[in-house]
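A closer look at the structure
Listed below are the residues making up each chain.
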Amino acid sequence: RDSTSRFFDQADLDAGPNTIVELGCDPSNLACTGNSRATLRDEVDGNLNASGAEAVILYDTSVLGNVIENGGGASCAAHLPATLGGGSVYSLYDRAAISGSLSVTGVATCGLGAVSNLISGNVTYNNNAATGTPSNQIAANLISGNLACQGNTPAPGLHGKSGNLVSGSRTGQCANLGLSFFSFF
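Below: a short report on this structure. (Residues numbered from 1 in each chain as written. Predicted model: local features only at pLDDT ≥ 70, side-chain atom pairs only at ≥ 80, totals over all residues. Heavy atoms only, no water.)

Time to look at the overall build of the protein. The secondary structure content of the protein amounts to zero helices and 22 strands. Scored against the burial criterion, the 185 residues of the protein give a buried share of 44%. Excluding contacts between residues fewer than 6 apart, the proportion of contacts in the protein whose partners are at least 24 apart in sequence is 46%. A total accessible area of about 8100 Å² is found for the protein, and carbon and sulfur atoms account for 52% of it. (Helix = DSSP H or I, 4+ residues; strand = E, 2+ residues; numbered from the N terminus. Buried < 20%, exposed > 50% of the residue type's maximum accessible area, 1.4 Å probe, protein only. Contact = heavy atoms within 4.5 Å. Areas by Shrake-Rupley, 256 points an atom, 1.4 Å probe, with all protein chains shown as cover.)

Below, the structure written as structure tokens:
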């Protein structure tokens, strides 16, 4: 299996309306263009800010700041480009390492989730709507801060994955999506 890394050496990575942010790829989830056996690990040296983006997809990616996805999304009838696997539009954070907090707010899309991430700050997941299957999945994350969810349709769930380990409090719709632990982060 091939492996490579890219590094975005800038203070922040900003994505505006109707853009698609795709960082990282691996053979088990989103095959890398040009080499379906490769794993690509991207790193953002700062914050990732997506305001009104159509999709934000992070696989095996490190963000050395906060990740903020605010608004945007697309219906299940909209499709990703073939280079991103085609299929319905979604936003997913999968096996990412986020040195700050993750905030996903006001996104309306086909699928939405945060799975198997290491998040050093808080996770805020509010007023999102996902209509595909699985939708609004928050599972198997290690969160050093709080996990707070409210106003999501449907309510976030584990969808067959393990619960989250959360150092801080779990509130709202995410109150039952994990266990507490003591953190040294």
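That shown, we press on.
With that out of the way, let us pick up the side chain of Ser91. With respect to the element layout, Ser91 can be found in strand S9 (residues 90-94). Judged by relative accessible area, which is 1%, Ser91 ranks as buried. Ignoring any residue separated from it by four or fewer positions in sequence, one finds Ser91 in contact with Ala55, Val56, Glu69, Thr109, Gly111, Leu112 and Gly113.

Let's shift gears to the state of the cysteines. Going through the model one piece at a time under the given rule, you end up with two disulfides. Paired by a disulfide, Cys76 and Cys110 hold their sulfur atoms 2.1 Å apart. Because the sign of the S-S torsion sets the handedness, a value of about 95 degrees for the bond joining Cys76 and Cys110 places this disulfide among the right-handed ones. Of this pair, Cys76 sits in the loop between strand S8 (67-70) and S9 while Cys110 sits in the loop between strand S12 (108-109) and strand S13 (111-115); the two residues are 34 residues apart in sequence, bridging distant segments of the chain. Residue classification places Cys76 among the partly exposed positions, given a relative accessible area of 27%. Under the relative-accessibility criterion, Cys110 is labelled buried at 10%. Cys149 shares a disulfide with Cys174; S-S distance 1.9 Å. Judged by the sign of its S-S torsion, about -80 degrees, the bond between Cys149 and Cys174 is left-handed. (Disulfide = S-S within 2.5 Å.)

A word on the environment of Ala129. Turning to its location among the elements, Ala129 is positioned in strand S16 (residues 129-130). In this structure Ala129 comes out as partly exposed when scored by relative accessible area, which is 30%. Here the alpha-carbon distance between Ala129 and Gly73, two residues 56 residues apart in the chain, equals 9.3 Å. Contact partners of Ala129, with chain neighbours within four places excluded, come to Val107, Ala108, Thr109 and Thr153.

Applying the stated criterion across every chain yields a total of two salt bridges. Note that Arg95 is salt-bridged to Asp60, the shortest N-O span being 3.1 Å. Remark: Asp60 occurs in the loop between strand S6 (55-59) and strand S7 (62-63) and Arg95 occurs in the loop between S9 and strand S10 (97-98); sequence separation between them is 35 residues. Owing to a relative accessible area of 32%, Arg95 belongs among the partly exposed residues under this scheme. Residue classification places Asp60 among the buried positions, given a relative accessible area of 14%. Taking the shortest distance from any N to any O, the salt bridge between Arg95 and Asp94 comes out at 3.3 Å. A relative accessible area of 8% means that Asp94 is categorised as buried. Each of the salt bridges in this network shares a partner with another, and the network as a whole consists of Asp60, Asp94 and Arg95. (Salt bridge = Lys/Arg side-chain N within 4 Å of Asp/Glu carboxyl O.)

Below, the discussion takes up the sheet that holds strand S19 (residues 147-150). Pairing in this open sheet of seven strands is parallel, and the strands run S2-S5-S8-S11-S15-S19-S21 from one edge to the other. Sheet topology places strand S2 (12-15) and strand S21 (170-172) at the edges, where each strand pairs with a single neighbour. Each neighbouring strand pair of the sheet contributes to a mean axis angle of 5 degrees, computed without reference to strand direction. One ladder, built from four bridges, connects strand S11 (residues 102-105) with strand S15 (residues 123-126); its direction is parallel. (Pairing = 2+ DSSP bridges. Axes fitted to C-alpha atoms, helices over the stretch in contact; angles between N-to-C directions.)

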